[in-house]
Structures are given as C-alpha cells and as structure tokens.
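Analysis of the macromolecular model
What follows is each chain in one-letter form.
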Amino acid sequence: MNYTSDDKFIYNKNKTEIVKYYKNETSVVIPEGVEKIGNMAFHGKSITNVTIPNTVKEIDDSFNYCEDLTSITIPNSVEKINIGCFEFCDNLTQI
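Basis of the calculations
- Residues numbered from 1 in each chain as written.
- Predicted model: local features only at pLDDT ≥ 70, side-chain atom pairs only at ≥ 80, totals over all residues.
- Heavy atoms only, no water.
- Pairing = 2+ DSSP bridges.
- Helix = DSSP H or I, 4+ residues; strand = E, 2+ residues; numbered from the N terminus.
- Buried < 20%, exposed > 50% of the residue type's maximum accessible area, 1.4 Å probe, protein only.
- Polar contact = N/O pair within 3.5 Å; in protein donor to acceptor, adjacent residues only side chain to side chain.
- Contact = heavy atoms within 4.5 Å.
- Axes fitted to C-alpha atoms, helices over the stretch in contact; angles between N-to-C directions.

Observations regarding the sheet that holds strand 7 (residues 58-59)
- Pairing within the open sheet is mixed, and its six strands lie in the order 1-2-3-5-7-9. In this open sheet, the two strands that pair with only one neighbour each are strand 1 (3-5) and strand 9 (80-81).
- As paired strands, strand 2 (residues 9-12) and strand 3 (residues 17-21) are joined by three bridges and run antiparallel to one another. In the strand pairing of strand 3, Ile10 is matched with Lys20.

Focus on the side chain of Ser62
- Along the chain, the position of Ser62 falls in the loop between strand 7 and strand 8 (71-73).
- What makes Ser62 buried here is its relative accessible area of 0%.
- At 2.9 Å, the side chain of Ser62 and the backbone oxygen of Ile37 are in polar contact.
- In this structure Ser62 touches Ile37, Gly38, Met40, Ala41, Phe42, His43 and Cys85, once residues within four positions along its chain are discounted.

Some points on the sheet that holds strand 8
- If you walk across this open sheet you meet the three strands as 4-6-8, and the pairing is parallel. Of all the strands in the sheet, the pair left with one neighbour each is strand 4 (27-29) and strand 8. The mean angle between the axes of side-by-side strands here comes to 5°, regardless of whether they run parallel or antiparallel.
- Relative to strand 8, strand 6 (residues 49-51) runs parallel, the two sharing three bridges. Bridging from a neighbouring strand, Asn49 pairs with Ser71 of strand 8.

Spelled out as structure tokens, the structure:
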C-alpha cells in the first residue's frame, strides 16, 4: 500500500483513510474527505477532544488507550464503529 502524509497525519494513497496521527496536539479535527479512521490511528495519544467530519463512514479500533480523551463529535454519516474503538478511554464523557 502506498501512503501519503501532511503535517499531522499519515494517510492511504487517496487520503481517504487516516493510518496514523503523529502530532501531540490535544484537540484534533479530522480533515474533510477522510472516509475511514484506521486501526490504532490514535492509539495512546494524549488527545482530549476530536471532531470528525460528515465524510467519515467508518471508525476502526482507532482511539484505544487515549486516556485523556474527554469529548468526541461523531456525525450521523458514521455507519460503523468497531467495538474496541474507545477501549481504555476512561475519561470519555461526551460523545
């Protein structure tokens, strides 16, 4: 698989899937056009809140072990969220 990146994310070739978030910002906005947030893309990151655009349809086990995560905005466009997506996100209080 070919990958591409910008200043925050590693994506698949077409920029439709986030493979990895590699910054240390606490507030993250997923870019428009992303359709999938891949497995372990944010694993263990010290993020506190995430905003997901209407283009996203699927979220894998993407945010597990994000212990500082307190808030995430998930649009109605999301059709699938894997069961372990928010595993060990004990401070997540607002979805």
